[in-house]
Amino acid sequence: MGELIFAIGMGAVGVSAVTGVLEAGRKPIDLFGVVLVALTSALGGGTMRDLLLERPVFWVADQSYLVAAIAAGVATFVLVRLVRLPANLFLAPDALGLALFTIIGTQTAMTYGAPWFVASFLGVVTGVFGGVLRDILCNEVPLVFSGELYATASWAGAMLFIGLVRAGVAGTSAALIAAAAIFLTRLAAIHWRLTLPSFSAKA
Amino acid sequence: MGELIFAIGMGAVGVSAVTGVLEAGRKPIDLFGVVLVALTSALGGGTMRDLLLERPVFWVADQSYLVAAIAAGVATFVLVRLVRLPANLFLAPDALGLALFTIIGTQTAMTYGAPWFVASFLGVVTGVFGGVLRDILCNEVPLVFSGELYATASWAGAMLFIGLVRAGVAGTSAALIAAAAIFLTRLAAIHWRLTLPSFSAKA
Amino acid sequence: MGELIFAIGMGAVGVSAVTGVLEAGRKPIDLFGVVLVALTSALGGGTMRDLLLERPVFWVADQSYLVAAIAAGVATFVLVRLVRLPANLFLAPDALGLALFTIIGTQTAMTYGAPWFVASFLGVVTGVFGGVLRDILCNEVPLVFSGELYATASWAGAMLFIGLVRAGVAGTSAALIAAAAIFLTRLAAIHWRLTLPSFSAKA
C-alpha cells in the first residue's frame, strides 16, 4: 500500500512536470527556467499542503521526487523540440495527476488530524496549486480558475472520498472510486465543455 | 476577550472574502475559482503570518474560518449578479478588515516572541498579504502598493499599538486605539486622496 | 566564522533590497510599496528555504536583517530620485548576492540534513527566489528564467560546493571557491551574453 502510494505520487509528479514544461514553452524562458517551472508545477501543490499541515515537505525528505520531476521535465523539453506533439496529448495524464494528487492530499490531511472540511480543501490545494503557481510564474491568470471543470472536479472528488470513508468504505476502495470520479468528471467536462457559471457583476 | 478576538477575526475574514469576489469578478473566472480567490484574500495574510511564526495555521486548526470565508464569498457572488452595488460600498468594511487583521497579527507575533520591529511587519503581512495574493492570482500589480495610504496605514497602526503597549496601556485599550487609528487613517486617505511619494527614477 | 557568515548574509540582503527598489521603480508603486518589494526581494529566498527546511525563519528570529533591508531600500529610493545611476551599476553586487545566498542556502540545507541533490536546489531557491517574488509582485515574467545564465550559474555553483565538500575540501575554502565560481560565471555570462538554449516547441 505504501509502495502503491509512492508509485502513484511519483507518476503524478512526473505528469505535472510535463504540463509545466508545455506551459513554460509559450514564454521566453530558458532550459533551466523551464526545469524550475516544471518543478514548481510538479511539487508546488504538495509543498503547500505540507507547509499548511506543519509536516516535513515531501520532496525535501525524499529526493526521488525531485529527480523524477527534473527527468520528466528535461525529457519533455527535448521531445517537444524534436516532435510535433498533438495539443491534447496530455489532457488525460493531467486529469490523472489531478485525481491522484487530490486524493493523496485529502488522505494526508485527514491522517494529520485536519477537520474534514479543511481536509477537502487541502486535497484541492494539493491537486491544483502546482498549476496555479506554474501560471503565476508564467504571468497568466491561473487556468484552473476558468474553463471546463477542474478545481471543482477536484473538490467534489475530495468530498466523495471523505463521505465514502465516513460511510465505512475501506480506504483503498474509497480512494480508487473517488480518483476515478475526478478523472472521469474532468474528461467528461473537457468532452462536453461543462463549465460552472462565470462571474458577471451588474455594473 | 478570546471570544471577542474570535468574532473580530471572523468578521475580518468575511470582509476580505467579499473583496476577493469583487476583484475576481473583473476576470474570466468561474464560481469555484472566485471562491478560491476569496479564500486566498481572506486567509492569505494570517496563513503567511502563521507560517513565518511556525505556529499552527489558524484555519487548518479551526474550520469555522474556512466556512465563514466561503459563505461570505458565495453570498457576494450571488448578490452582485442580482443587484447593482455601489462601487464604494466595501471601502469601509475593507478598511475595518485591514485594521483588525493588522492588530491581531501584531499581537500574535508579539505573543510568539517576535522582536518588536519584526512584529510590526508581521502585522502588515497579516493585514495586506491576502490582498496581495488576491491581486497576484488575478494577474494585477498589487493595489496595496499604490494609491491612497494602505500598507502605510497598517504599519503606522502596528507601530502605534506596540508603542502603546510598551508605554503601559492595557492590551484591549491599545488594540482599540490602534485599530481605530488604522481605520480612520485609511478612510481619511481615501477621502482626501492622501498618498506617499511615488517612485520615479532619474532615467 | 559565524560572524563572517552573518556579515556576508547581511551584505547579500542589502544588495537584494537594492535590486528590489530598482525593479519596483518601473511600476506605479509608492514608497512603502517599494520598501515591501525590496523586503520581498531581499528576504524571500531565505524565507522559502527556512520554511522548506522547517527551521525558524532567519529574519523573524533576528531583526537586524529586516532593518538592513529597509535601510538599503530607503537609501536606494532616495538616491535614484537625486542621481542618474548607470543602469549596470548593480550587476556586480547582484551577482555577488546571488553567489553568497546560493552558498549560504546550500550550506544551511546540508546542515539541516537535506539530501545533497535537494540541498543544491535549496541553494538555488535561496539565491533566486527573492528575485522571482520581486518580479511576480511587479507582474513580470521572472527575469531569472531567461537571458544570461543566472539560476544556472547558481545551481552549478551549489553542485560545485557540494562536490568540493564531499572531496574533503574544508568548508570555508569550498565556500569561497564555489561563490567565486558563481560570481565570475554570472559576470562572464553578462559580458559574453552566454545563454542556455531557449524553449521552442514544434507547433
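Because the structure is a prediction, the values reported are computed rather than measured. (Residues numbered from 1 in each chain as written. Chains lettered and ligands numbered in written order. Predicted model: local features only at pLDDT ≥ 70, side-chain atom pairs only at ≥ 80, totals over all residues. Heavy atoms only, no water.)

**Student:** Please provide a residue-by-residue account of the overall build of chain A, values included.
**Tutor:** Each helix and strand counted, chain A has eight helices and zero strands in total. Along chain A, helices and strands appear, N-terminal first, in the series α-α-α-α-α-α-α-α. Expected size for 203 residues packed as a compact globule is a radius of gyration near 17 Å; at 17 Å, chain A falls within 12% of this value. When burial is assessed residue by residue, chain A has 55% of its 203 residues classed as buried. In chain A, once contacts between residues fewer than 6 apart in sequence are set aside, the share between residues at least 24 apart is 72%. Of the roughly 8000 Å² that chain A leaves accessible, carbon and sulfur atoms contribute 68%. (Helix = DSSP H or I, 4+ residues; strand = E, 2+ residues; numbered from the N terminus. Rg over C-alpha atoms; globule rule 2.2 N^0.38 Å. Buried < 20%, exposed > 50% of the residue type's maximum accessible area, 1.4 Å probe, protein only. Contact = heavy atoms within 4.5 Å. Areas by Shrake-Rupley, 256 points an atom, 1.4 Å probe, with all protein chains shown as cover.)

**Student:** Would you mind going over the relation of the copies chain A and chain C in detail, with residue names and values included?
**Tutor:** The two copies are related by a screw operation: chain A maps onto chain C through 120° of rotation and 0.0 Å of translation along the axis, at an RMSD of 0.0 Å. Such a combination of rotation and displacement between the chain copies is what one expects of a three-fold axis. Using C-alpha coordinates, one finds that chain A approaches the rotation axis most closely at Asn139 of chain A, a distance of 3.9 Å. (Least-squares fit on C-alpha atoms with pLDDT ≥ 70 in both.)

**Student:** Describe the packing of helix 5 (residues 91-111) of chain C against helix 7 (residues 151-166) of chain C, naming the residues involved and giving the relevant values.
**Tutor:** All names here are of chain C. Running from amino to carboxyl end, helix 5 crosses helix 7 at an angle of 45°, the nearest separation of the two axes being 9 Å. The angle between helix 5 and helix 7 places the two elements in the oblique class. For the crossing formed where helix 5 meets helix 7, the hand is right-handed. Where helix 5 approaches helix 7, its residues Leu98, Thr102, Ile103, Thr106, Gln107 and Met110 are matched on the opposing element by Ser154, Gly157, Ala158, Phe161 and Ile162. Its residues assigned to classes, the contact of helix 5 with helix 7 shows six nonpolar, five polar and no charged. (Axes fitted to C-alpha atoms, helices over the stretch in contact; angles between N-to-C directions. Parallel < 35°, antiparallel > 145°, perpendicular 65-115°, else oblique. Left-handed = near helix turned anticlockwise from the far one by under 90°. Nonpolar A, V, L, I, M, F, W, Y, C, P; charged D, E, K, R; others polar.)

**Student:** Can you break down the side chain of Gln63 of chain B residue by residue, with the values?
**Tutor:** Inspection of the secondary structure assignment puts Gln63 of chain B in the loop between helix 3 (58-61) and helix 4 (64-82). Not counting residues up to four positions away in its chain, the partners in contact with Gln63 of chain B are Pro115, Trp116, Phe117 and Val118 of chain A.

**Student:** Quick rundown of helix 4 (residues 64-82) of chain C? Include the residues and the values.
**Tutor:** Residues and elements named next belong to chain C. With 19 residues, helix 4 should cover 27 Å at 1.5 Å per step; its first-to-last C-alpha distance of 27 Å lies within 8% of that length. Taken residue by residue, helix 4 has Tyr65, Leu66, Ala69, Ile70, Ala72, Gly73, Thr76, Phe77 and Val80 as its buried positions. Down the axis of helix 4, the buried side of the element spans an arc of 165°, and every buried residue falls inside it. (Expected span 1.5 Å × (residues − 1). Arc of directions from axis to C-beta.)

**Student:** Please give an account of the packing of aromatic side chains that cites residues and values.
**Tutor:** Applying the stated rule across the entire model yields 23 aromatic pairs over all chains. Ring geometry for Phe121 of chain B and Trp155 of chain B: centres 5.8 Å apart, planes at 45°, overall tilted. Here Phe121 of chain B, found in helix 6 (residues 116-137), pairs with Trp155 of chain B, found in helix 7 (residues 151-166); they are 34 residues apart in sequence, far enough to count as distant. Phe121 of chain B sits in the buried class, given a relative accessible area of 5%. Looking at Trp155 of chain B, the relative accessible area reads 24%, which means it is partly exposed. Members of the aromatic cluster, joined through ring pairs, are Phe32 of chain A together with Trp116, Phe117, Phe121 and Trp155 of chain C. (Phe/Tyr/Trp six-rings, centres within 6.5 Å; stacked < 30°, edge-to-face > 60°.)

**Student:** With reference to specific residues and values, describe unusual backbone geometry.
**Tutor:** Residues other than glycine seldom take positive phi values, yet Arg193 of chain B does so here, at roughly 50°. Within the element layout of this structure, Arg193 of chain B appears in the segment after helix 8 (171-192).

**Student:** Tell me about the pattern of salt bridges, and name the residues and values.
**Tutor:** Enumeration according to the criterion identifies 12 salt bridges over all chains in this entry. Among the salt bridges present, the one from Asp50 of chain B reaches Arg55 of chain B, with a minimum N-O distance of 2.6 Å. In this pair, the class of Asp50 of chain B matches that of Arg55 of chain B, namely buried. If you follow the salt bridges from partner to partner, you end up with Arg49, Asp50 and Arg55 of chain A in one network. (Salt bridge = Lys/Arg side-chain N within 4 Å of Asp/Glu carboxyl O.)

**Student:** Can you tell me about the interface of chain A and chain C, naming the residues and giving the values?
**Tutor:** Listed as interface residues are 36 residues of chain A and, on the opposing side, 32 residues of chain C. The junction of chain A with chain C conceals about 3000 Å² of combined surface from both sides, 70% of it contributed by carbon and sulfur atoms. For chain A, the biggest contributors to the area lost against chain C are Asp30, Phe32 and Gln63 of chain A; these three give 21% of the whole. Counting across the chain A and chain C interface gives zero salt bridges. In this assembly, chain A and chain C are joined by two residue pairs in polar contact (both at pLDDT 80 or more). Among the secondary structure elements, those contributing two or more residues to the side of chain A that touches chain C are helix 2 (31-53), helix 3 (58-61), helix 4 (64-82) and helix 6 (116-137) of chain A. For the side of chain A that touches chain C, the leading source of residues is helix 2 of chain A, giving nine residues. Within the side of chain A that touches chain C, the residues separate by chemical class into 25 nonpolar, five polar and six charged. (Buried area = accessible area lost by both parts, 1.4 Å probe. Polar contact = N/O pair within 3.5 Å; in protein donor to acceptor, adjacent residues only side chain to side chain.)

**Student:** Which residues make up a nonpolar patch on the surface, and what are the values?
**Tutor:** Residue and element names in this part refer to chain A. On the surface, Val74, Val78, Leu79, Leu82 and Val83 cluster together into a nonpolar patch covering about 390 Å² of accessible area. If you trace the backbone, Leu82 turns up in helix 4. The class of Leu82 is exposed, set by a relative accessible area of 60%. (Patch = residues over 30% accessible without salt bridge, like charges linked within 9 Å, V, L, I, M, F, W, Y side chains within 5 Å.)

**Student:** Describe the nonpolar core, and please don't skip the residues or the numbers.
**Tutor:** Core analysis: the largest hydrophobic core is formed by 182 residues, its most contacted members being Trp59 of chain A, Trp59 of chain B together with Trp59 of chain C. Not counting chain neighbours up to four residues away, the residues in contact with Trp59 of chain B comprise Leu52, Val118 and Leu122 of chain A together with Leu43, Thr47, Tyr65 and Leu66 of chain B. (Core = buried A, V, L, I, M, F, W, Y, C linked by side-chain atoms within 4.5 Å.)

**Student:** Help me get a handle on the interface of chain B and chain A, residues and values and all.
**Tutor:** Each partner contributes to the interface: chain B provides 36 residues, whereas chain A provides 32 residues. Across the chain B to chain A interface the summed buried area is about 3000 Å²; carbon plus sulfur atoms make up 70%. Applying the counting rule to chain B against chain A returns zero salt bridges. Where chain B packs against chain A, one counts three residue pairs in polar contact (both at pLDDT 80 or more).

**Student:** Outline the packing of helix 2 (residues 31-53) of chain C against helix 6 (residues 116-137) of chain C, supporting the account with residue identities and numerical values.
**Tutor:** Residues and elements named next belong to chain C. Two elements in contact, helix 2 and helix 6, have axes separated by 7 Å at closest approach and are oriented at 140°. When the interaxial angle is binned, helix 2 and helix 6 end up oblique. Viewed along their axes, helix 2 and helix 6 form a crossing whose handedness is right-handed. The segment helix 2 lies against helix 6, with Val37, Thr40, Ser41, Gly44, Gly45, Gly46, Met48, Arg49, Leu52 and Leu53 engaging Leu122, Val125, Thr126, Phe129, Gly130, Gly131, Leu133, Arg134 and Leu137. Looking at the contact of helix 2 with helix 6, its residues break down into nine nonpolar, eight polar and two charged.

**Student:** Just give me the short version of the confidence of the model for chain A, but keep the residues and values in it.
**Tutor:** All names here are of chain A. Counting all residues, the mean pLDDT for chain A is 87, and 96% of those residues have values of 70 or more. When pLDDT is averaged over each element of chain A, helix 7 (residues 151-166) comes out on top at 95 and helix 1 (residues 2-24) at the bottom at 81. Confidence metrics for the complex model read pTM 0.90 and ipTM 0.86. (pLDDT = per-residue confidence, 0-100.)

**Student:** I'd love a proper account of the relation of the copies chain B and chain A, names of residues and values included.
**Tutor:** Its rotation angle being 120°, the transformation that places chain B on chain A also includes 0.0 Å of axial translation and leaves an RMSD of 0.0 Å. Taken together, the interface assignments show that only 11% of the residues at the interface of chain B recur at the interface of chain A, consistent with different surfaces on the two copies.

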